[in-house]
Amino acid sequence: MQERIRKLHHNRIFALVFWLIVVFAAIVTLPNVKTIIQYDGQPQLANTSQPVKATQIQNTWGRNLNGTYTVNAVFNNPDGALTNKQLAAVNKTVSNLQKRSSYYGIQKITTMTNTPTSKPQLFSKDKSTEIVQLAVSHNQGTVRQISSQLTGQIATLGLKTYVTSPEIVSDAANEHIASYTLIVILMTLLVALVAMGILFASIIAPIITFLAILISYISTLSLATNLAYHWNFAYSEYTPIFLLLGISLFTLLTSFWFFRELRNHIDDGMESQEATSKVIQNLGYRILISTLSLTLAFGSLMLFDFSTIRAYGLLGIGFAITGIASVTLVPVFAGMLGASLFWPKKTRPKLKNHKLWHSLARFGLWQPWIAILVVIYLIGPFAYGYRNQLNYDNSTDIPNNQAVQGARVLSAHFGQGKATPVTLYLQANKRLDNQNQLYQLDNLTKKLQAQPGVASVTSVTQPGGQPITQYYASTQLGNLTNELTGVVGQLGTVRNDLKSDSTNLKQKTLQSEVKRLQKLTTQTSALVSDSSSLQTALQTAQSKSSATSTSSSSKQIKRYISQLNSVNSQLNAALSALSTLSSDVSTTNSDTTTAHSNLNNYLATIKAVNSSLKDSRKQVSSMQKSLNKMYLYLSGLQSSEAAKSLYLSPTQIASGDFQQALVNNTDEKVQSTFLTITLKHAPNANDTAKTLDQLKQVATAQLRGTVLEGSPLTFAGQPATTATIQTQFQHDLPRVLALVFGITLLLLIIFSRSLLQASYWFLTFLASTAASYQLTHLLMKWLTGNGDFNWQVPLLAFVPVTVLAVVELTQLALSYRLNDAPLLDWLLPGIHEVGQTMRHSLFIVIAGVLGLLVAESQTLTAVVLITILTAIIFNLTLPIMAASFGKLSVVLPAQKPHEFHMPRRKKRQRRADRPVKSVTPSDETKSTDTDASKKD
């Protein structure tokens, strides 16, 4: 039994069983990678970040809008303006959607019909595109499900329709990445299989390498995905890809070392298990320090707060697992198969001496300064010209997605920033439905509208992004001055009427009539007096006639008496008439006196009225002058800046339109509101973060000293999220590079036990990487017209180039450390020895990243180009710089100090005085001081 166990242990069967258990458990517990990418692929922002705070505000908004997505349904006529028939069709579609709103989880629908004040924001200027905004509950499902449901529901005959929002576009980007991740994995593994087959002209060795990569990758991916699924660990949409990149490259390089060394020992006649143990003994240290370097360098990224960078820390675990698999799993098959591992070509091919590194090193040793200058001249401009040209648009690589197309339609017809607006939330401690608060909000709106980079701003006072004229003092003053003009005109008419009335009274004519009436009264009084005298005389005559009538008896007398009686009768009649006349004249006299008295009184009244009319005319004239002054003042005020201020009367605030604006733009308590800011550029612009910072400063300054001072301001929206990512990434990226490269350089110094040489090699690597970034930028700009990298390109390319640097520099460091000869004696043979594997390492690195091209992604294409160019440039410059700096580090300190300051004439004289002798390279090396020939 013990013998069997010993044999199993000798054949490393226990290691095989262990890995079988590990990979079985990894496969069984592996969650759905696509689901993890969808939910956890986007960067996880800190709770103190602006977008997260804004989400908290949205979730407590009230008005049935808690926990909702804002989705844009876009209706577009590609042939021109929407016709009345098409607008009616859109209204019918919206009406059907309204009827089924509960089924689709729609909490609110905003159209230009039910919200006319928002028409400028919902209807394009060219009248070809209409937007219907939908607030959809989170409980309805994921944004992908919501998009799928609504896309079919809003379809309208004769129109192009889209359902889009920043969340839907981001989800589409994740979906696209997840769709090609499996293809990239399979293609990368296939290319690795072919590459190893080409290197060893074998079928079995590539299969063993493939199994080692697959087991290491599945184990690491399962661990990473479970950490994200169960413990909310950081996860990136590119996590499966960068894990594959790092693990496959490292496994390929270590397997190549292992199989090449194994073949040498087997061809020398060693038994397979003995040869395997010998290889592990020889290569174990190199694999160990490479694994340790990569594990510590990438594992340190877990210390960062930014989730995307922290996700790359999983590579530390991946490299640790890969390193262990390289020295435990691969040897199992190597020990069991032996020479059969290299079937069908079991004999070792004749190795050709690779002289490229040898020639480059000789050039560096021949003229170090010239060699350094040549390298600087060739790659220096590219390395120096490197600029961090990154974009943060995750929709660049998405092909033919309806949400992305809808966003592009909005950008084309409304402006670049329309599809991704910025929302500025303001929280006050008082209600916002009064003049004082609204006045400050309107001033803030106008201030933000005036900022560079801002296309439009909507708010509770400007729901359409434009001032509502009747809410402003200028319009109200215009109405008032118009009314005042009418009043002034009416006063002028009154003044003219008063003058006319005063003229029509004819006071002088009335005075003349009074005089005539007075004269008539006098004459009437005389007539009355005369009538009285006549009446008295008649009565006397009548009396005498009567007496005579009674006393005479003769005929003559009787005749006379008869005549007298007749006269008496006539006198009686005349007397009676005179009495009547006297009575009438008395009455007329009385009436004339009364009329005279009345006319006198009326004349006095007319005089008073006339005087009053004159005073009224003066007052009207004075009032007209005052009103003219008021008109001139109000006209000047109307044209001034002060009149551009908002003034809402209680009646206007209570109006239906403004109450609708309050409902649309404030929360349930009317203490929080939002301003929607549309930027002129898309959120991937390099100045987005700067623009948002400027807007925050402007808003804070505008509210300073007002009733809204101190109100919290919070930005939301895709630009705010992009700006947060950009700020964090730009802040952390230099620290990431410094930490990873610092740890790598430190370990390289420790392993090589040389500060200067390790630093020279590493600086060569950094310059090569910087040059390759700039060259890739130029190539991408030439190929695609857009040279800006996606912001994750530096991190993705960071993985293979770091593996390349660690593997090659570790090999060079160990060669340098394990060599006992002086530095100058080691440089040429040591560099030449390491260079024998250069072409194989270069081939492995290039083959290891070619599988990424199958995705047809600009992001992964840039990673491939950066990796390949870095590998080529680094492998061409490293032997030159290592040899040049190696020689200078020995020769320069050996120079006597006074030789640096000796005049040229004396130096030429000294050289002329020296005896001429032939000097070989070995003699030149031996002529240096003993101390200088030691390692630095």
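Note that this is a predicted model, so its numbers are computed, not measured.

Definitions and limits used
Residues numbered from 1 in each chain as written. Predicted model: local features only at pLDDT ≥ 70, side-chain atom pairs only at ≥ 80, totals over all residues. Heavy atoms only, no water. Salt bridge = Lys/Arg side-chain N within 4 Å of Asp/Glu carboxyl O. Buried < 20%, exposed > 50% of the residue type's maximum accessible area, 1.4 Å probe, protein only. Helix = DSSP H or I, 4+ residues; strand = E, 2+ residues; numbered from the N terminus. Pairing = 2+ DSSP bridges. Axes fitted to C-alpha atoms, helices over the stretch in contact; angles between N-to-C directions. Contact = heavy atoms within 4.5 Å. Expected span 1.5 Å × (residues − 1). Bend = angle between axes of the 7 residues up to and from the residue. 1 Å grid on protein atoms, 1.4 Å probe; cavity = no way out; pocket = protein on both sides within 12 Å on 5 of 7 lines; lining within 4 Å. Points joined across faces, edges and corners; volume = space filled by probe spheres on them. Nonpolar A, V, L, I, M, F, W, Y, C, P; charged D, E, K, R; others polar.

(A) Expanded view of the pattern of salt bridges. Applying the stated rule across the entire model yields five salt bridges. With its nearest N and O atoms 2.9 Å apart, the salt bridge here joins Asp433 to Arg431. Given the relative accessible area of 23%, Asp433 is considered partly exposed. Across the salt bridge formed by Arg735 and Asp732, the nearest N and O atoms sit 2.5 Å from each other. With a gap of three residues between them, Arg735 and Asp732 both fall in helix α24 (residues 718-752), about one helical turn apart. Arg735 sits in the partly exposed class, given a relative accessible area of 44%. One network of salt bridges, in which partners are shared, links Arg144, Asp171 and Glu175.

(B) Expanded view of the pairing of strand β7 (residues 454-458). Burial within β7 is extensive, with four of its five residues counted as buried. Of the strand pairs in this sheet, β7 and strand β8 (residues 672-679) are connected by four bridges, and their pairing is antiparallel. Among the inter-strand pairings, Val454 is bridged to a residue of β8, identified as Leu679.

(C) Geometry of the sheet that holds strand β3 (residues 129-137). Across the sheet, which stays open at both edges, the four strands sit in the order β2-β3-β1-β4 with antiparallel pairing between neighbours. Looking at the sheet topology across the chains shown, the edges are occupied by β2 (106-110) and β4 (160-164). Each adjacent strand pair in this sheet contributes to an overall mean axis angle of 20 degrees, direction not counted. Contacting β1 (68-76), β3 and β4, helix α16 (residues 402-414) crosses the sheet at an angle of about 105 degrees to β4.

(D) Here's a closer look at helix α8 (residues 166-200). The terminal C-alpha atoms of α8 lie 50 Å apart, and with 35 residues this matches the ideal 51 Å at 1.5 Å per residue to within 8%. Remark: the principal bend of α8, roughly 30 degrees, maps to Thr181. One or two residues past the end of α8 sits Ala201, with phi positive at roughly 50 degrees.

(E) Summary view of empty space enclosed by the protein. Using the criterion set out here, one finds two cavities of 30 Å³ or more in the structure. Considering only enclosed or pocket space, the second largest cavity measures out at about 30 Å³ in volume. Elements represented by at least two residues in the lining of the second largest cavity include exactly α26 (793-818) and α28 (838-850). Counted by class, the lining of the second largest cavity contains three nonpolar, four polar and one charged residues.

(F) Broad picture of the sheet that holds strand β6 (residues 422-427). With antiparallel pairing, four strands are arranged side by side in an open sheet as β7-β8-β6-β9. The sheet is open, and its two edges are formed by β7 and β9 (713-716), each paired on a single side. Direction aside, the axes of adjacent strands within the sheet are offset by 25 degrees on average. Sheet strands in contact with helix α4 (residues 50-58) are β6 and β9, and its direction is about 100 degrees off that of β9.

(G) Structural view of the side chain of Thr764. For Thr764, the position within the fold is in helix α25 (residues 755-784). With sequence-adjacent residues up to four places away left out, Thr764 is seen in contact with Phe874, Thr877, Leu878 and Met881.

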